[in-house]
Amino acid sequence: MLNIVLFGPPGAGKGTQSQKLIDKYNLIHLSTGDLLRSEIAAGTELGMKAKSLMDNGILVPDEVVIGMIENKVKEHSQAGGFIFDGFPRTVPQAQGLDKLLMDHGTEISCMIALKVDDEELTKRLLLRGETSGRPDDQNEELIRKRIQEYNTKTTPVADYYAGQNKYCAVDGIGEIEEIFADLCEQIDSLKEKQQK
């Protein structure tokens, strides 16, 4: 099973690249953002709680997110693997994910980080806000707060996976196809190592 954590701050291009990776490697996409948005759209208690936190730029509690992910993993137990998009964001989440996957007889294969500088991210998100209508992408102050929170909380996660020899970084600035080719190169070399 190929389980990839696709890592990068808001606006790094994870959504675009994860879709291409899903198509190429036949993976199931697990985006905590999509999971949360569908809960919010359905008006569930969990969704309403998540919405009030997200509106204030605060992350949703781990146990809520891990529970949603476990449901998806169970639902797709025959899948070739998963791509985790936007999760884990903290070391406790990474540890929780490791435990969850171990309970289901699998593990994270690698974490690939899309590297993009803060100014480029802010520019991309404001642009996305003009076209997507997402209110969290239209307020520059809130965008900068999200990027700062991402940087503060997630750097230790990269270190956590580096400690397991499962971390690599790809430049997230450039043509979409070039970035995709770099990601595939990392994954293919990982798959070769796994087969040896």
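One can find the structure itself at the top, above this paragraph.
Residues numbered from 1 in each chain as written. Predicted model: local features only at pLDDT ≥ 70, side-chain atom pairs only at ≥ 80, totals over all residues. Heavy atoms only, no water.

Peer 1: Requested: an account of the overall build of the protein chain, with residues and values cited.
Peer 2: When its secondary structure is counted, the protein chain shows eight helices and five strands. Start at the N end of the protein chain and walk to the C end: the helices and strands fall as β-α-β-α-α-α-β-α-β-α-α-β-α. Its C-alpha atoms give the protein chain a radius of gyration of 16 Å, near enough to 16 Å, the size a compact globule of 196 residues would have. Considering only C-alpha atoms, the protein chain reaches an extent of 50 × 40 × 30 Å along its principal axes. Sorting the 196 residues of the protein chain into buried and exposed places 43% on the buried side. When the accessible area of the protein chain is evaluated, it comes to approximately 10300 Å², of which 50% is carbon and sulfur surface. Across the protein chain, the 23 positively charged side chains and the 32 negatively charged ones have centroids separated by 2 Å. (Helix = DSSP H or I, 4+ residues; strand = E, 2+ residues; numbered from the N terminus. Rg over C-alpha atoms; globule rule 2.2 N^0.38 Å. Buried < 20%, exposed > 50% of the residue type's maximum accessible area, 1.4 Å probe, protein only. Areas by Shrake-Rupley, 256 points an atom, 1.4 Å probe, with all protein chains shown as cover. Lys, Arg positive; Asp, Glu negative; His and termini not counted. Charge placed at Lys NZ, Arg CZ, Asp CG, Glu CD.)

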